[in-house]
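Each chain is listed here by its residues.
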Amino acid sequence: TKPSPSALTTGPMQPRERPWSVVLQFDSDAGALYAKETAAALANDAALTAMLAPLTPSLILTPLAVDGPHRRMLLPHGGELLRDALTRDLDASHWERILPRYAELQLAAAPYAEALLLAGAFDRRPAAYPDLFAHLLTDPVARGQTGYDGLSNDELAALEDVIPKLRAAAAELNGLDIGVSV
């Protein structure tokens, strides 16, 4: 149920801050609501959530309002967070229930991969992984250039040797007739 423009806040806002977003939870006469603002690096979140929700409404919360330029959205309550469930009950069955649903989302989104990329989705299709991995190995932290030890030359060489195997695996996955999603 969408809150009316006159929905009143009936309790204090409870902030949840993470490196990737700040979420304010508050109660209203329409129930629990969540105002989310993402970090600049994830400016695509609001637009992508709005695009994915109609594809799989049972899997993605439908935003009640989206302000893309400010990286904000207003969301209804979506149930318990996996993080909270695992804190209460460290049980792999939580993942066993979630991962098939995530696969449903990926399959539903596959035909829209190009539109999702245009809307700012990160390209995480199999063909992109070898280059992403290679780029990760050039990171100053991995190279020990930031005050951390970083990887040894032998470790870097061993990881660089994995890149051709990643390319072969990506090509094999792209050859399967299941489609790829971002």
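This text goes with the structure placed above it.
Below is a summary of the structure that appears in this document. (Residues numbered from 1 in each chain as written. Predicted model: local features only at pLDDT ≥ 70, side-chain atom pairs only at ≥ 80, totals over all residues. Heavy atoms only, no water.)

Let us now look at the sheet that holds strand 1 (residues 14-18). An order of 1-2-3-5-4 is seen for the 5 strands of this open sheet, with the pairing classed as antiparallel. What marks the edges here is a single partner per strand, and that holds for strand 1 and strand 4 (65-67). Pairwise comparison of adjacent strand axes, ignoring direction, gives a mean angle of 20° for this sheet. Pairing of strand 1 with strand 2 (residues 21-28) involves 5 bridges; the strand directions are antiparallel. Paired with Pro15 across the strands is Leu24, a residue of strand 2. Packing against the sheet, helix 1 (residues 45-52) makes contact with strand 3 (31-38), strand 4 and strand 5 (72-76), and its axis sits at approximately 40° to strand 5. (Pairing = 2+ DSSP bridges. Helix = DSSP H or I, 4+ residues; strand = E, 2+ residues; numbered from the N terminus. Axes fitted to C-alpha atoms, helices over the stretch in contact; angles between N-to-C directions. Contact = heavy atoms within 4.5 Å.)

As a further point, take the nonpolar core. Ranked by size, the top nonpolar core spans 10 residues in total: Leu48, Leu52, Ala53, Ile60, Leu105, Ala109, Ala113, Leu116, Ala121 and Val182. Looking at this core, the elements that each hand over two or more residues are helix 1, helix 3 (93-109) and helix 4 (113-118). Residue contacts for Val182: discarding those within four places in its chain leaves Gln106, Ala113, Leu116, Leu117, Ala121, Phe122, Arg124 and Arg125. Membership of the second largest hydrophobic core comes to 5 residues, among which are Val23, Ala46, Met73 and Leu75. (Core = buried A, V, L, I, M, F, W, Y, C linked by side-chain atoms within 4.5 Å. Buried < 20%, exposed > 50% of the residue type's maximum accessible area, 1.4 Å probe, protein only.)

Read these as layout, nothing more, since geometry by itself doesn't imply function.
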